[in-house]
Amino acid sequence: MITDSASVLVDIRKYDGSLSALWTATRLGEDEHGVWLGTARGVPVSSATGGWTSRFAYVMVVPRGEWWTATFCVEPGPEMYCDVCTVPEWNADGTVLRTVDLDLDVVRPHGGEARIEDEDEFAEHQKRYGYPDSVIGKARQTCLWLMEAGRRDGDGVEPFASVYRYWLDLIA
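Residues numbered from 1 in each chain as written. Predicted model: local features only at pLDDT ≥ 70, side-chain atom pairs only at ≥ 80, totals over all residues. Heavy atoms only, no water.

Caption draft 1: Broad picture of the overall build of the chain. Of regular secondary structure, the chain possesses three helices and 11 strands. Going from the N terminus to the C terminus, the chain shows its helices and strands as β-β-β-β-β-β-β-β-β-β-β-α-α-α. For the chain, the C-alpha radius of gyration of 15 Å lies close to 16 Å, the compact-globule estimate for 172 residues. By its C-alpha atoms, the chain is 40 × 35 × 30 Å across when sized along the principal axes. Burial statistics for the chain: of 172 residues in total, 47% are counted as buried. A sequence separation of at least 24 residues applies to 49% of the contacts in the chain between residues at least 6 apart. (Helix = DSSP H or I, 4+ residues; strand = E, 2+ residues; numbered from the N terminus. Rg over C-alpha atoms; globule rule 2.2 N^0.38 Å. Buried < 20%, exposed > 50% of the residue type's maximum accessible area, 1.4 Å probe, protein only. Contact = heavy atoms within 4.5 Å.)

Caption draft 2: Quick peek at the layout of surface pockets. The calculated volume of the largest pocket comes to roughly 800 Å³. Taken together, 33 residues make up the lining of the largest pocket; nearest its centre are Ala21, Trp23, Trp52, Tyr81 and Asp83. Elements that contribute at least two residues to the lining of the largest pocket include exactly strand 2 (19–31), strand 4 (44–47), strand 5 (50–53), strand 6 (58–62), strand 7 (68–73), strand 8 (80–85) and strand 10 (96–108). The element that contributes the greatest number of residues to the lining of the largest pocket is strand 10, accounting for six residues. Residues of the lining of the largest pocket, tallied by class, amount to 17 nonpolar, eight polar and eight charged. (1 Å grid on protein atoms, 1.4 Å probe; cavity = no way out; pocket = protein on both sides within 12 Å on 5 of 7 lines; lining within 4 Å. Points joined across faces, edges and corners; volume = space filled by probe spheres on them. Nonpolar A, V, L, I, M, F, W, Y, C, P; charged D, E, K, R; others polar.)

Caption draft 3: Structural view of the nonpolar core. Among the nonpolar cores identified, the biggest contains 28 residues, and Trp36, Phe72 and Phe160 are the most heavily contacted of them. When contributions to this core are tallied by element, the ones reaching two or more residues are strand 6, strand 7, strand 8, strand 10, helix 1 (119–129), helix 2 (133–149) and helix 3 (163–171). Broken down by element, the residue count for this core peaks at six residues, all from helix 2. Membership of the second largest hydrophobic core comes to 16 residues, among which are Val8, Met60, Val62 and Cys73. (Core = buried A, V, L, I, M, F, W, Y, C linked by side-chain atoms within 4.5 Å.)

Caption draft 4: Representation of helix 1 in the model. Of the residues making up helix 1, those classed as buried are Phe122, His125, Gln126 and Tyr129. When helix 1 is viewed along its axis, its buried side chains cluster within an angular range of 115 degrees and face the same direction. Facing away from the buried side of helix 1 by over 90 degrees, the exposed positions are Asp120, Lys127 and Arg128. Among the structural elements, strand 10 and helix 2 are those in contact with the buried residues of helix 1. Just downstream of helix 1 lies Gly130, where phi reads positive at about 65 degrees. (Arc of directions from axis to C-beta.)

Structure, rendered in structure tokens:
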């Protein structure tokens, strides 16, 4: 049984299984958009290239059955940072979240417009890790959908328009 305010180990890997990022977040709750996790400023993050501490507080929504996660940060971090990834998976008791980072990111700075980042890394890793055509296609399709959904001048697609503010207020 998953309970609110539980610690969650967020384990993000690359397609070959190597570590991309690993940190502990707090489960804030759940709504129609997914499970919301909060990370305070100063939380240690491990990666294959070393470690760092989070520079600002943020919340992450983990949708059900989708090929993405979305992070929303307090300033000076980006307002929205979406990772294109494999469908996130939870362990049985909801204390570990695992996904595979597929490199493509959609980022929207505070007051700015959404843009795609890391297309070069996506192209490089397709070859290095041998992404199947189905994964390449789903990653590209998801990235385009996130660009549209995350537009500031769009139709206010949630959770990218304003819902995240409620969750961010819980930790900011």
